[in-house]
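Given next are the chains, with one letter for each unit.
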There are 2 protein chains.
Amino acid sequence: MTSSFNPPVRRLMGPGPSDVHPRVLGALARPTIGHLDPEFSRMMEEIKDLLRYAFRTKNSLTIPVSGPGSVGMETCFVNLIEAGDTVIVCQNGAFGGRMKENVERCGATAVMVMDGWGKPVDIEKVGDVLKANPGAKAVAFVHAETSTGVQSDAAAICALAQEHGALSIVDAVTSLGGTPVLTDEWGADAVYSGSQKCLSCMPGISPVTISDKAADVVRSRNHKVQSWFMDLNLVMGYWSGEGARVYHHTAPINPLYAIHEALVMLQEEGLEEAWARHAAMHTALRAGIEAMGLSFIVDEDCRLPQLNTIAVPEGVDEAAVRGALLTRYNLEIGAGLGDLAGKVWRVGLMGQSATGEHVTLFLSAIEDALAEQGAAINAGAALPAARAILG
Amino acid sequence: MTSSFNPPVRRLMGPGPSDVHPRVLGALARPTIGHLDPEFSRMMEEIKDLLRYAFRTKNSLTIPVSGPGSVGMETCFVNLIEAGDTVIVCQNGAFGGRMKENVERCGATAVMVMDGWGKPVDIEKVGDVLKANPGAKAVAFVHAETSTGVQSDAAAICALAQEHGALSIVDAVTSLGGTPVLTDEWGADAVYSGSQKCLSCMPGISPVTISDKAADVVRSRNHKVQSWFMDLNLVMGYWSGEGARVYHHTAPINPLYAIHEALVMLQEEGLEEAWARHAAMHTALRAGIEAMGLSFIVDEDCRLPQLNTIAVPEGVDEAAVRGALLTRYNLEIGAGLGDLAGKVWRVGLMGQSATGEHVTLFLSAIEDALAEQGAAINAGAALPAARAILG
């Protein structure tokens, strides 16, 4: 006989999920109702409005897709791209590579703009590639690269795309709610995110917003979307508006209660206040990290405050440090991915994990674990430095 | 400012979701941990074992797909079917039509075996179509048609498929946990289900099991699976086994706690005991319905105990009855779909909604609502008839 599962109580400071607030867990556990219940329909309208607030958009087609961030990504690609299209894909980490996979599985051609892991997308190169590919259907890029901690200049890339008559597809999985995602101001055509990063909901829901222009592209496709589940022409029928909903798939009721509550909390705090909090917590973390003698791999002007990639000092067993943090402190941080595997730790300060408590817990814990490995650090310097910022 | 959402407390007796037990809601609200946490990995192994128990299979590739039942369906089709394949699709309701959509969006040809809404799949016709299409890659059918309340003979259809060297793809969304789903005994190659029916978990997770033979087909495809998210070659890397997990997408942590708990409860009750309970509750409901003078649209020998399609008496406004049940009794039942729209109610006795309390609540409530409309029913006969069975 299998017993009930009782998870340990962790502090989540990896690349997501981040800590989920008890209010959101409480919402998640409210009684399940039907996906066509009039009360549920009313809540769906509220979610759409709250997402428009978070995305800074007036886009009518703004919904929580029933799946993790990778479903949000795939939803954007399979709806906007058709076989034979050319898509310019900017890759400067793991998730640009996933975009390429998406483009190719649509039968389209991906023209790559490659930048190093830990570097932002090079705007000049994007301009050059757009000039060289005049018929390109879209430019796709990652605003906040979860694999490296880099933020790219979304405004500039969306502007370039627009100039060349291409759609823009933006991965804002790690940025939404943490750093400015200005959908309408950028003129972005498709932006997707995840629930488990700066929104601090559990994973499994992917907020997506589509511009009116892009929605028209979806409606006037030559061929059916290759995915029945992700076909926005059908999904729109369910999310279209109160009273007129057409059954498509069964919505994940309770997870939608949770994203609703997480967005209500974001609205209560205020979007700009949330951005400021993420920035302030990064400043405190940085003070501690640098005082200790550690360093970031990403330049300050393009560094994500909510995802900190810290270089593993020479001679240190990075996995042993993560293991010690998990075992002794119930503290999760992330390993490096791809080109950065073994070279960095990824430390998230996202949503509910962007607090002074998290910053100081992490600094004490990593100092403890590094000291044990005999790493050359400035013992005792980190906490006072962070405390000076946190007050 | 938007407020927190507090749903009404409903009794869910529609076509799903069914009532979710407080133990499952409690599990859902446990603290979120990371998708690569060793404790989470341990629980994933337990879920796989529990699903094998529910599916009556030894299939190694048995997992909860991160999405609602329609993602489970699409996962089976996009992995097993390639452009140019021929697939025999049996349609006797709404979900066979969705299978056809899936086949065609894979670039394959669907050869249809059509039966009426409310009738089971005609085995003889399947045999004939298999003979007429010797190279068919697969036979796909719905074991338990949620749109009509019909169960088809899965053993016979899977045997026919095997005889003709075709794979079998089985929709067991509404049957798993309610009526026998005998994956290995049938020799079924791909079976998918949903969390929100007889397993009584909230919607959003789709249990899927794939035979070793079918898993080999996935591994030796000519072209990549058109969906990156659903590509089992990648998903398998994450669900492969403790210790060796490769990140693919971020698993929906809390919903997986919930399906784990729902499956633990199924194991505690016993699968055969759960089947017997669903059958017994249908018998009680039937006694009440027939005593009242109402009737089922599906013949008894192929009627699903867990999904009862009851004919709307002439002159009765079916939507008004559903509205009255929802408003006065907080009781949800389902409307008819497709060919049956306006003609039937769909009354679920699934999972936690398959209890004597549900049967008697529904009988009293529908009698009340029908009396109000002046329908010709035998007043006062239903409850004693049901009570005679329930004891």
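Residues numbered from 1 in each chain as written. Chains lettered and ligands numbered in written order. Predicted model: local features only at pLDDT ≥ 70, side-chain atom pairs only at ≥ 80, totals over all residues.

**Observations concerning the overall build of chain A**
Looking only at helices and strands, one finds 14 helices and 14 strands in chain A. Relative to a compact globule of 391 residues, whose C-alpha radius of gyration would be 21 Å, chain A shows 21 Å and is just as compact. Taken across its 391 residues, chain A has 59% of its residues classed as buried. (Helix = DSSP H or I, 4+ residues; strand = E, 2+ residues; numbered from the N terminus. Rg over C-alpha atoms; globule rule 2.2 N^0.38 Å. Buried ≥ 20, exposed ≤ 12 C-beta atoms within 10 Å, placed from the backbone.)

**Looking at the interface of chain B and chain A**
With 64 residues of chain B at the interface, the matching set in chain A holds 64 residues. Of all the secondary structure elements, the ones that give two or more residues to the side of chain B that touches chain A are helix H1 (22-28), helix H2 (38-55), helix H3 (69-80), helix H4 (94-105) and helix H10 (253-269) of chain B. Partitioned by chemical class, the residues of the side of chain B that touches chain A number 28 nonpolar, 24 polar and 12 charged. (Contact = placed C-beta atoms within 7 Å. Nonpolar A, V, L, I, M, F, W, Y, C, P; charged D, E, K, R; others polar.)

**Concerning the sheet that holds strand E3 (residues 86-91) of chain A**
Residue and element names in this part refer to chain A. The mixed open sheet is built from seven strands, whose spatial order is E2-E10-E9-E8-E5-E3-E4. Of all strands in the sheet, those with a lone pairing partner are strand E2 (61-65) and strand E4 (109-114), marking the two edges. Each strand of the sheet is rotated relative to its neighbour by a mean of 15°, with strand direction disregarded. Both E2 and strand E10 (residues 206-210) contribute to a ladder of five bridges, which runs antiparallel. Each residue of the ladder has a partner; that of Pro64, found in E10, is Pro207. (Pairing = 2+ DSSP bridges. Axes fitted to C-alpha atoms, helices over the stretch in contact; angles between N-to-C directions.)

**Some thoughts on the nonpolar core**
Across soluble globular proteins, nonpolar side chains have a tendency to be buried as a group. Within the largest apolar cluster, 268 residues are counted, with the highest numbers of intra-cluster contacts made by Val139(A) and Val139(B). With near-sequence residues (within four places) excluded, Val139(B) lies in contact with Ile88(B), Val126(B), Leu130(B), Ile157(B), Leu160(B), Ala161(B), Ala166(B) and Ser168(B). (Core = buried A, V, L, I, M, F, W, Y, C linked by C-beta atoms within 7 Å.)

**Here's the deal with the pairing of strand E14 (residues 344-348) of chain B**
All names here are of chain B. Extensive coverage of E14 is indicated by the burial of five of its five residues. On E14, burial covers both faces: Val344, Arg346 and Gly348 on one face and Trp345 and Val347 on the other are all buried. Sheet topology note: the strand E11 (residues 307-311)/E14 ladder contains five bridges and is antiparallel. By the bridge assignment for E14, Asn308 is matched with Val347. Inspection of the sheet shows strand E13 (residues 334-335) paired to E14 by two bridges, in the antiparallel sense. Note on E14: the bridge partner recorded for Gly334 is Arg346.

**Details of helix H11 (residues 271-292) of chain A**
Residue and element names in this part refer to chain A. Between its terminal C-alpha atoms H11 stretches 32 Å, which fits the 32 Å expected from 22 residues at 1.5 Å a residue. Here H11 has its buried residues at Ala274, Arg277, His278, Met281, His282, Ala284, Leu285, Arg286, Ala287, Gly288, Ile289 and Met292. Of the surrounding elements, those touching the buried residues of H11 are helix H10 (253-269), strand E11 (307-311), helix H13 (356-372) and helix H14 (382-390). Positive phi shows up at Gly293, right after H11, with a value of about 100°. (Expected span 1.5 Å × (residues − 1).)

**Here we look at the domain arrangement of chain A**
The extent of an interface is frequently quoted as the accessible surface area lost upon association of the parts. All names here are of chain A. When cut into domains, chain A gives domain 1 (21-268) and domain 2 (271-390). Computed from C-alpha atoms alone, the centre-to-centre distance between domain 1 and domain 2 is 29 Å. Contact with domain 1, which involves 24 residues of that partner, is made by 22 residues of domain 2. At the level of secondary structure, the elements contributing two or more residues to the side of domain 1 that touches domain 2 comprise helix H2 (38-55) and strand E7 (150-151). Its residues assigned to classes, the side of domain 1 that touches domain 2 comprises 11 nonpolar, 12 polar and one charged. (Domains from an automatic or database assignment.)

**Considerations on the relation of the copies chain B and chain A**
Expressed as a screw operation, the relation of chain B to chain A combines 0.0 Å of axial shift with a rotation of 180°, fitting to an RMSD of 0.0 Å. Expressed as a symmetry operation, the mapping of one chain copy onto the other fits a two-fold axis. Comparing contact sets, 100% of the residues at the interface of chain B also lie at the interface in chain A, consistent with an isologous, same-surface contact. (Least-squares fit on C-alpha atoms with pLDDT ≥ 70 in both.)

**Some remarks on the sheet that holds E11(B)**
The strand order across the open sheet formed by three strands is E11-E14-E13 (chain B), and the pairing between neighbours is antiparallel. Two strands in the sheet have a free side with no partner beyond their single neighbour: E11 and E13 of chain B.

**A few points about the pairing of E2(A)**
Within E2(A), five of the five residues are buried, which leaves the element mostly enclosed by the surrounding structure. Where burial is concerned, the two faces of E2(A) agree: the one with Leu61(A), Ile63(A) and Val65(A) and the one with Thr62(A) and Pro64(A) are both buried.

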